[in-house]
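Descriptive structure summary
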Amino acid sequence: MTENASTATDVLERSDEQQSREIRRLTVRGLLLQGGFNYERFQNLGFWWVMRPTLDRLYPDPVDRAAAYQRHLVYFNTNPWVVGPIAGVTASMEEQRAKGATDLNDEAINSVKVGLMAPLAGIGDSLIFGTIRPILAAVCAGLAIDGNLAGPVIFFLVLLAIQVLMRVGGTASGYKTGMQFFEKLSPAQIDQIKQGATIVGLAVTGALVATMLNVTTPWSYTSGEQTIALQDQLDLVLPALLPLIATLGVYLLIRRRVSPVWVLLGTLIVGLVLGYFGILA
Amino acid sequence: MTLWQAFLIALVVALAYLARRILGDPQLERPIILGPVVGLIAGDLETGLIVGGTLELIFIGAATFGGTAPPNVAIGAAVGTALSISAGQGVETALVAAVPAAVLGTFCELFAKTVCSFLVHRADAAAARARGRTITGIIWTGNAIHFLAYFVPTFLVLQFGANALENVLSALSDDVQNALNTSAALLPAVGFGILLSVLYNKALFPLFFAGFAMAAFTDFTVIGVAVIATALVIVIMRNRTPQAPASPQSSALI
């Protein structure tokens, strides 16, 4: 017993060099998180791929290894850019478990994974894909529409820089601080980041509607000698009223769980019909 | 559209989606990226840029949040750009081709992800016997299925759709051209509406109207609104964090 424990510790004492190699490997493997994506357990195959070298190293015995493989083939789904901290924390938990930490059973490891994947997905989805990317896309799309190649180039480079920083920093801090990563970034703080992103995102979406959506009406009516254009009247009340109505219409349909695909087709047809009869332009 | 151009464009689309699977989702499938690349292959970078930028606005809110299936932006963007260039028509044509193509692409994506669900059970069996190599093979089989699910339909549409579209377009009247323009103008509402539903938060929703009003009544650009909103957020968060980190009252306010 004592002898076994000491050999295990010898194997598992990790030098700084070994640790940074492990962090690098987890970071690079995190790129394949969505590999083999499926509708039953989403990114489970990808997460297994991220963990595989760690599991192979920690569990040379086939029985233990099979259990470890199965442990990481359960449902997993998060934002692909925030997998770093989760992989880091999970790897360090597996290390503790292999050293003999009996409280780290399957359930404990999985609950930490699940506990991290949902809030971090929230950050990734609302901050990156819900706020930063749309802002960047709107600005760069404006450039591209003017025929400026800088549009796509800036879009690509800025997103790449953000992703690299998130992956490299995230994996290292997750691995090094282990489960304390949780306490460093409390649920309340995670919630705050999400709310901050949502505030900016909503304001920017409002601005997008007002500036990027150019729907007007060519209707006019004659009163006495004067011809009055409806659009001029609308502009006096609220500029960009028609874009606002169109956006809120789409939004309500999506909220009522109409598929975005049908909404897209429907909008195409509504636009064709209203344009054909000269109601909108 | 030559056979080689169709082949190359289909390859680019499939690789962009493969990057989503194996290169950390670098957003290469976004229309703003694919538009110019496809334009380059089809021999008109300028149109590619314009169509890509326009489509990016339409699909601005389209993203896979928690496994939902949005319109497939990559196939839509590539087909729209390529066909509008080969038909020698404007941006509106691109949109009319892009939207149905994106819908078709969604079904291909659903198909690939469903097929991969069956593969998971093979992975379970392999895991029970600690066969790491088999699971790796299954992952790459899944990636290959995804690749083909984008490559094949894109290639077929480009190869056989271009002529049909050209014939339709050459017969267009002015009224129909107006209809196309209007539809093109209206479609970005879909992107913004989806974005809005993604960001939905009951307490914060009025800020959407604040951003709208700022841009509608003044000359504020999107960036200007973003800067003001960010500054506001920083001030609010700073004032709140040290004193009352998790007070339910304050979190209900923001």
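So, how was this worked out
Residues numbered from 1 in each chain as written. Chains lettered and ligands numbered in written order. Predicted model: local features only at pLDDT ≥ 70, side-chain atom pairs only at ≥ 80, totals over all residues. Heavy atoms only, no water. Helix = DSSP H or I, 4+ residues; strand = E, 2+ residues; numbered from the N terminus. Contact = heavy atoms within 4.5 Å. Expected span 1.5 Å × (residues − 1). Bend = angle between axes of the 7 residues up to and from the residue. Axes fitted to C-alpha atoms, helices over the stretch in contact; angles between N-to-C directions. Parallel < 35°, antiparallel > 145°, perpendicular 65-115°, else oblique. Left-handed = near helix turned anticlockwise from the far one by under 90°. Nonpolar A, V, L, I, M, F, W, Y, C, P; charged D, E, K, R; others polar. Buried area = accessible area lost by both parts, 1.4 Å probe. Salt bridge = Lys/Arg side-chain N within 4 Å of Asp/Glu carboxyl O. pLDDT = per-residue confidence, 0-100. Pairing = 2+ DSSP bridges.

Quick look at the side chain of A:Gln34 now. Its location among the elements puts A:Gln34 in the loop between α2 (16–29) and α3 (44–58). Not counting the four nearest positions on each side in its chain, A:Gln34 is found in contact with A:Gln43, A:Pro80, B:Arg20, B:Arg21 and B:Asp25.

Here we come to helix α6 (residues 132–170) of chain B. Taking 1.5 Å of rise per residue, the 39 residues of α6(B) would be expected to cover 57 Å, and the 57 Å separating its terminal C-alpha atoms lies within 8% of that figure. At B:Gly161, α6(B) shows its largest bend, some 45°.

A word on the packing of α3(A) against helix α5 (residues 83–99) of chain A. Residue and element names in this part refer to chain A. Contact geometry of α3 with α5 gives a least axis separation of 10 Å together with a crossing angle of 25°. In this view, α3 runs roughly parallel relative to α5, as classed from their interaxial angle. Crossing geometry of α3 relative to α5 is assigned as right-handed. Every residue of α5 that contacts α3 at Phe 47, Val 50, Met 51, Thr 54, Leu 55, Arg 57 and Leu 58 is listed here: Val 83, Ile 86, Ala 87, Thr 90, Ala 91, Glu 94, Glu 95 and Ala 98. Split into classes, the residues belonging to the contact of α3 with α5 amount to 10 nonpolar, two polar and three charged.

Across the boundary between the two partners, chain B contributes 106 residues, which contact 98 residues of chain A. In total, chain B and chain A occlude about 9100 Å² of area from one another, counting both sides; carbon and sulfur atoms represent 76% of this. On the chain B side of the interface with chain A, the three residues burying the most area are B:Leu199, B:Phe212 and B:Val222, jointly 8% of the side's total. One can count one salt bridge joining chain B with chain A. Close ionic contact of B:Asp124 with A:Arg41 constitutes a salt bridge, the shortest N to O distance being 2.6 Å. Partitioning the side of chain B that touches chain A into residue classes produces 69 nonpolar, 25 polar and 12 charged.

Here we come to the confidence of the model for chain B. Residue and element names in this part refer to chain B. On average, residues of chain B carry a pLDDT of 86, and 92% of them reach 70 or more. By mean pLDDT, helix α11 (residues 248–253) is the weakest element of chain B at 36, and helix α2 (residues 31–42) is the strongest at 96. Within the model, pLDDT remains below 50 along residues 242–254, and this stretch shows 14 contacts once partners closer than five positions in the same chain are excluded.

Residues and elements named next belong to chain A. For strand β1 (residues 220–223) and strand β2 (residues 226–229), the ladder comprises four bridges, and the chain directions are antiparallel. Looking at the pairing, Tyr 221 lines up with Ile 228 of β2. If you look at the hairpin formed by β1 and β2, you'll find two residues sitting between the two strands, and Gly 224 has a positive phi there, around 65°.

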